Amino acid sequence: MSRDRGAGWLSRFLAPRHAIAECAIIQWHGLGEADTPGEDAHCRIQLACEHGGDDGRIVAAAFAAFGPPVVVACADWVCEQVEDRTIKDARSLNLRAIEQALALAAGERYAALLVMDALDMALARASSNLG
Amino acid sequence: MSATRDVRYLDHAATTPLAPGVFEAMQQALLETPANPASLHGPGRAAAEQVEMAADTLGTLVNARPRDLIWTSGATESINLALKGAAEFVGDAAHLVSVVTEHSATLDTLAWLERRGTRVTRLGVDSAGRLDLDALETVVADGATLVSVMHVNNETGVIQDIEAIGAICGRHGALLHVDAAQSLGRLPIDCARMNIALLSVSAHKIGGPKGIGALFVRPRTGIAAQVHGGGQQRGLRSGTLATHQIAGFGAAARRVAETRDSEHQRLAALRDRLWAHIETLDGVMRNGERAHLAAPFLNVSVADVHGEALLVGLTEGALALAVSSGAACSAAKGQSSYVLRAMGRTPREAGASIRFSLGSDTDTAAVDEAGARFVAEVRRLRALAGVA
């Protein structure tokens, strides 16, 4: 853990807005999970969508995350970014966008990868569930 | 200790705020006795008197003769001098015995010596963090030169039975070095009764300034100097004495000598109060057995929470807790506390552990706020992780 904690993600870790525990949505259409054993981290992302297929709109995204603070922050940021976008649009989100938005250090990039893996799975499932 | 954020300082094992009277003693030494205490003229003698007064106070606190104290930069240097000095003095036949839960000042010095050919034996601890005295006696009887044990563990607060260890060393002719960085001013220390040959202490753990410590060296204990120069302090540690630092150490030692027993009781009660808050959570474990813990320490492992997230969550935010973790990095990478793992905790348990260490400025309100904040943070992180 760096002594110079990332200002880019610290506030988001302390007050995330997209935790599943805080979310009132009952029916989710896509769930994706990923692990990073080397960092002892786990992330789950859930999506609620309108309409089917890749044009379906994501009306809510939420996460559950166990791991270092940067994992929580990345998961929260990704959920924020995909809400109100179509599944197709959400697929365009990439690692670099997360790294830049949260000013991730090289040693923190695993968190972005972990969250993107979970998101990709959730998007695929949401698309097929509603297709 | 912070002027800019609302912080509850519960990290007195790391360092303590200056005790009342310490700053004034240091200022007085700087302004009124600025000469070199090794000088033979009047101003030099005045500075030397400051040093002698501090040595008298510290010597009384640990039942040692003032002239047997060697001033150092802190406990780390004292430990280096004790271990390297003893090993060098004995030579090839040296056999040093210690414990796996020692501070890195000891473990790293032993590793350094081992790479240069010194025989080193490291003993384990039980689930309470205590050394097995029978195992120690077996090893010491086999021909140990020196046994090095910390009185109070810096992560857990576990107390080792120094008097019994001293007796074992006495029966088999081994020297006993005690790292008393965490016990000075917190527990009674009697170098004579405990058969201590070498004792390492630091001022900043008892309300003194950083950068000053001492090594007690019992008469006729063979150690070789590690810092060479002007031959000060009987040649064992050369260099001009820092009069103001030593005066500050003396003032702090005077203060803890007056308050130690009452503070022990007060802090033990506050520590138990803090635990009463925390134990309302499921999945929390107190590390060490209450009967063998120094009063200021509470070390807790938490299930279903990542260690780094817990430490950052507690130390940041609106009400921040200044607390420590043995190692709040990745349990999976083997970076969790080696002390707790030696006590049988899993890597994840050892990774998600927090050390609270209370001190003179800790009160009931601080403990209640810290307890509530800890419980809330653990619940928040478990909710974020999707753990009910």
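Residues numbered from 1 in each chain as written. Chains lettered and ligands numbered in written order. Predicted model: local features only at pLDDT ≥ 70, side-chain atom pairs only at ≥ 80, totals over all residues.

**Description of the overall build of chain A**
Counting its regular elements, chain A contains five helices and three strands. For a compact globule of 131 residues, the expected C-alpha radius of gyration is about 14 Å, and chain A comes in at 14 Å, within 12% of that figure. Its C-alpha atoms give chain A principal-axis dimensions of roughly 45 × 25 × 25 Å. Classification of the 131 residues of chain A by burial places 48% in the buried group. Sequence-distant contacts in chain A: of pairs separated by 6 or more residues, those separated by 24 or more amount to 68%. (Helix = DSSP H or I, 4+ residues; strand = E, 2+ residues; numbered from the N terminus. Rg over C-alpha atoms; globule rule 2.2 N^0.38 Å. Buried ≥ 20, exposed ≤ 12 C-beta atoms within 10 Å, placed from the backbone. Contact = placed C-beta atoms within 7 Å.)

**Details of the overall build of chain B**
Helices and strands together make up the secondary structure of chain B, namely 11 helices and 12 strands. Expressed along its principal axes, the backbone C-alpha trace of chain B runs to roughly 70 × 50 × 35 Å. Considering chain B as a whole, with its 388 residues, one finds that 53% of them fall into the buried category. Counted over contacts in chain B with a minimum sequence separation of 6, partners at least 24 positions apart contribute 72%.

**Some words on the confidence of the model for chain A**
Averaged over chain A, the pLDDT score is 90; the fraction of residues at 70 or greater is 93%. By mean pLDDT, helix α1 (residues 7-14) of chain A is the weakest element of chain A at 88, and helix α2 (residues 69-82) of chain A is the strongest at 97. (pLDDT = per-residue confidence, 0-100.)

**Brief notes about unusual backbone geometry**
Residues and elements named next belong to chain A. A positive phi angle, close to 50 degrees, is found at Ala103, a residue other than glycine. Structurally, the position occupied by Ala103 is in the loop between α4 (95-101) and α5 (109-130). By the C-beta count within 10 Å, which is 11 here, Ala103 ends up exposed.

**Topic: the domain arrangement of chain B**
Residue and element names in this part refer to chain B. Assigned domains within chain B: domain 1 (6-16 + 260-384) and domain 2 (22-256). Computed from C-alpha coordinates alone, the two centres of domain 1 and domain 2 are separated by 28 Å. Tallying the contact residues gives 23 residues for domain 1 and 27 residues for domain 2. Elements with a contribution of two residues or more to the side of domain 1 that touches domain 2: α7 (243-278), β10 (297-302) and α9 (338-342). (Domains from an automatic or database assignment.)

**Brief notes about the sheet that holds strand β2 (residues 41-50) of chain A**
All names here are of chain A. Here we have three strands laid out as an open sheet, ordered β1-β2-β3, and antiparallel in their pairing. Of all strands in the sheet, those bounded by a partner on one side alone are β1 (30-36) and β3 (57-66). Here the strands of the sheet are splayed against their neighbours by 15 degrees on average, with no regard to which way each runs. Direction of pairing for β2 relative to β3: antiparallel, over a ladder of nine bridges. Within β3, the residue paired with His42 across the bridge is Phe66. (Pairing = 2+ DSSP bridges. Axes fitted to C-alpha atoms, helices over the stretch in contact; angles between N-to-C directions.)

**Re helix α3 (residues 75-90) of chain B**
Residue and element names in this part refer to chain B. For α3, spanning 16 residues, the distance from its first C-alpha to its last is 22 Å, which sits close to the expected 22 Å at 1.5 Å a residue. Across the 16 residues of α3, 13 count as buried, placing the element largely inside the fold. Once α3 ends, the next one or two residues include Gly91, with phi positive near 85 degrees. (Expected span 1.5 Å × (residues − 1).)

**Some points on the packing of helix α8 (residues 307-315) of chain B against helix α11 (residues 364-384) of chain B**
Residue and element names in this part refer to chain B. Following both chains from N to C, one finds α8 and α11 inclined at 135 degrees, their axes separated by 10 Å at the closest point. When the axis of α8 is compared with that of α11, the two are oblique. Crossing of α8 over α11 shows right-handed handedness. Taking contact as the criterion, the partners of Ala309, Leu310, Gly313 and Leu314 in α8 are, on α11, Arg373, Phe374, Glu377 and Leu381. Taken together, the residues of the contact of α8 with α11 sort by class into five nonpolar, one polar and two charged. (Parallel < 35°, antiparallel > 145°, perpendicular 65-115°, else oblique. Left-handed = near helix turned anticlockwise from the far one by under 90°. Nonpolar A, V, L, I, M, F, W, Y, C, P; charged D, E, K, R; others polar.)

**What about the environment of Val284 of chain B?**
Residue and element names in this part refer to chain B. Turning to its location among the elements, Val284 is positioned in strand β9 (residues 284-286). Separated by 60 residues in sequence, Val284 and Gly344 have C-alpha atoms that sit 15 Å apart. Residues within four places of Val284 in sequence aside, it is in contact with Ile278, Glu279, Val300 and Val302.

**Let's talk about the environment of Pro37 of chain B**
Residues and elements named next belong to chain B. Position of Pro37 relative to the elements: it lies in the loop between α1 (22-32) and α2 (42-62). Classification of Pro37 as buried rests on a count of 22 C-beta atoms within 10 Å. Aside from chain neighbours lying at most four places away, what touches Pro37 is Gly44, Ala47, Ala48, Val51, Leu241 and Thr243.

**Side note on the pairing of strand β6 (residues 175-179) of chain B**
All names here are of chain B. Where burial is concerned, most of β6 is hidden: five out of the five residues are buried. Going residue by residue along β6, you find Leu175, His177 and Asp179 tucked away on one face and Leu176 and Val178 tucked away on the opposite face as well. Sheet analysis places strand β5 (residues 146-150) next to β6, joined by five bridges and oriented parallel. Note that in β6 the partner of Leu146 across the bridge is Leu175.

**Comments concerning the sheet that holds β9 of chain B**
Strand pairing within a sheet occurs via backbone hydrogen bonds; the two strands may be parallel or antiparallel. Residues and elements named next belong to chain B. As summarised here, the arrangement of the three strands in space is β9-β10-β12, forming an open sheet in which the pairing is antiparallel. At either end of the open sheet lies a strand with only one pairing partner, and these are β9 and β12 (353-357). This sheet shows a mean twist of 25 degrees between the axes of neighbouring strands, independent of strand direction. Of the pairings in the sheet, the one linking β10 to β12 comprises five bridges and is antiparallel in character. Across the sheet, the residue bridging to Asn299 is Arg355, located in β12.

**Some thoughts on the environment of Ile25 of chain A**
Residues and elements named next belong to chain A. In this fold, Ile25 is placed in the loop between α1 and β1. Each C-alpha atom of the pair Ile25 and Ala48 lies 7.7 Å from the other, and the pair is 23 residues apart in sequence. Residues within four places of Ile25 in sequence aside, it is in contact with Ala48, Ala60 and Ala62.

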